[in-house]
Structures are given as C-alpha cells and as structure tokens.
Amino acid sequence: MTIDRNMKVLVVDDYKTMTRIIRNLLKQIEFNETDEASDGHEALAKLRAGNFGLVISDWNMQPMTGLDLLKEVRADARLKHLPFIMVTAESKTENVVAAKQAGVSNYIVKPFNAETLRDKIEKVLVHA
C-alpha cells in the first residue's frame, strides 16, 4: 500500500518548539502538508473545518489535554476514523491504557527521530 504523503497532518502541541521539531521531522520523511494548533480547542476547530488525514498530538496540554482531544475526535461522526498519534514524554502504563481505551491509533514517546515517526505513521496509515 502506498501512503499519501500529500495528506494534511495536524500537529498539536502547546509548546511551540516541539511543534516546530515535529513539523521538521515530518518534512524529513516527506510529509510537507502540515498545519499546527497550540491546544485542543484550536485543533478541533481546524479538524472540523479542514481535510486532515492524520493528527499528531501532545498528551500534556492545557486547558484541553491530548486525551480529551482524542475523545472529542472519536465522538465526532465526521472525525472518528481519523488516524491519531499521541506524543508523550512519559510511557506510563496507565497513560497508554487510557489512550488505547479512548481509541488512539498509535503512541510515540519523546524524544524520537524521523525514523521512529515514519514507522509509527506507516503502521497507523496502513491499518487505517
């Protein structure tokens, strides 16, 4: 299966530097159509207005966490099938379990490189 590298990817993180790092990693693996949101509310508005093929969201955000955003996406009839990768600094078992229960597509622990990101994205998109 070929992966559409022209799909729009939404990167969600309240830490601008991390957003920039992830967008640069995406460029390295030839995903050039990226947009960003600095919190869950902004992300939801963009997702509902735009045509995104993938969400990469940080877990730890305020006021709406990545987990809350994931739950909102999965509860939305138009967005519920959207591939969603959660980024976190902690690989706590309870976080992984909570994200899986909420319907996360995949999980990536910081720090990570372009190769790891590519592997996670390919796993998610091939099984989407």
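Residues numbered from 1 in each chain as written. Predicted model: local features only at pLDDT ≥ 70, side-chain atom pairs only at ≥ 80, totals over all residues. Heavy atoms only, no water.

A word on unusual backbone geometry. Outside of glycine, negative phi angles account for most residues, and trans bonds account for most peptide bonds. Cis geometry marks the peptide bond from Q62 to P63, where omega comes out at -5°. As for its position among the elements, P63 is in the loop between β3 (52-58) and α3 (66-75). For the bond running from K110 to P111, omega is -10°, close enough to zero to count as cis. Here P111 shows up in the loop between β5 (106-109) and α5 (114-126). Positive phi values are uncommon outside glycine, yet E30 reaches one of about 70°. Relative to the helices and strands, E30 is located in the loop between α1 (16-28) and β2 (34-37). On the basis of relative accessibility, which here comes to 53%, the residue E30 falls in the exposed class. (Helix = DSSP H or I, 4+ residues; strand = E, 2+ residues; numbered from the N terminus. Buried < 20%, exposed > 50% of the residue type's maximum accessible area, 1.4 Å probe, protein only.)

Turning next to the UniProt feature "domain: Response regulatory" (unreviewed entry) in the protein chain. Feature annotation in UniProt places "domain: Response regulatory" (unreviewed entry) on residues 8-125, given in this structure's numbering. Along residues 8-125 one finds 46% helix and 21% strand; the C-alpha atoms at either end are 13 Å apart. (UniProt positions renumbered as here; feature names shortened; annotations may be inferred.)

Taken together, 5 strands build an open sheet; the order of strands is β2-β1-β3-β4-β5 and the sheet is parallel. Lying at the two open borders of the sheet, with one neighbouring strand each, are β2 and β5. Each strand of the sheet is rotated relative to its neighbour by a mean of 20°, with strand direction disregarded. One ladder, built from 4 bridges, connects strand β4 (residues 84-88) with β5; its direction is parallel. Bridging from a neighbouring strand, V87 pairs with I108 of β5. Where α1 meets the sheet, it contacts β1 (8-12), β2, β3 and β4, and its direction lies at approximately 165° from that of β2. (Pairing = 2+ DSSP bridges. Axes fitted to C-alpha atoms, helices over the stretch in contact; angles between N-to-C directions. Contact = heavy atoms within 4.5 Å.)

The subject of this paragraph is the side chain of N106. Examined against the element boundaries, N106 turns out to sit in strand β5. What makes N106 buried here is its relative accessible area of 13%. N106 has contacts with F84, I85, M86, K120, K123 and V124, leaving out every residue within four places of it along the chain.

This brings us to the packing of aromatic side chains. The geometry of two aromatic rings is summed up by the distance between their centres and the angle between their planes. A complete count under the given rule lists 0 aromatic pairs for this structure. A cation sits over an aromatic face here: K8 above F52, 4.5 Å from the ring centre. (Phe/Tyr/Trp six-rings, centres within 6.5 Å; stacked < 30°, edge-to-face > 60°. Lys NZ or Arg CZ within 6 Å of the ring centre and 35° of its normal.)

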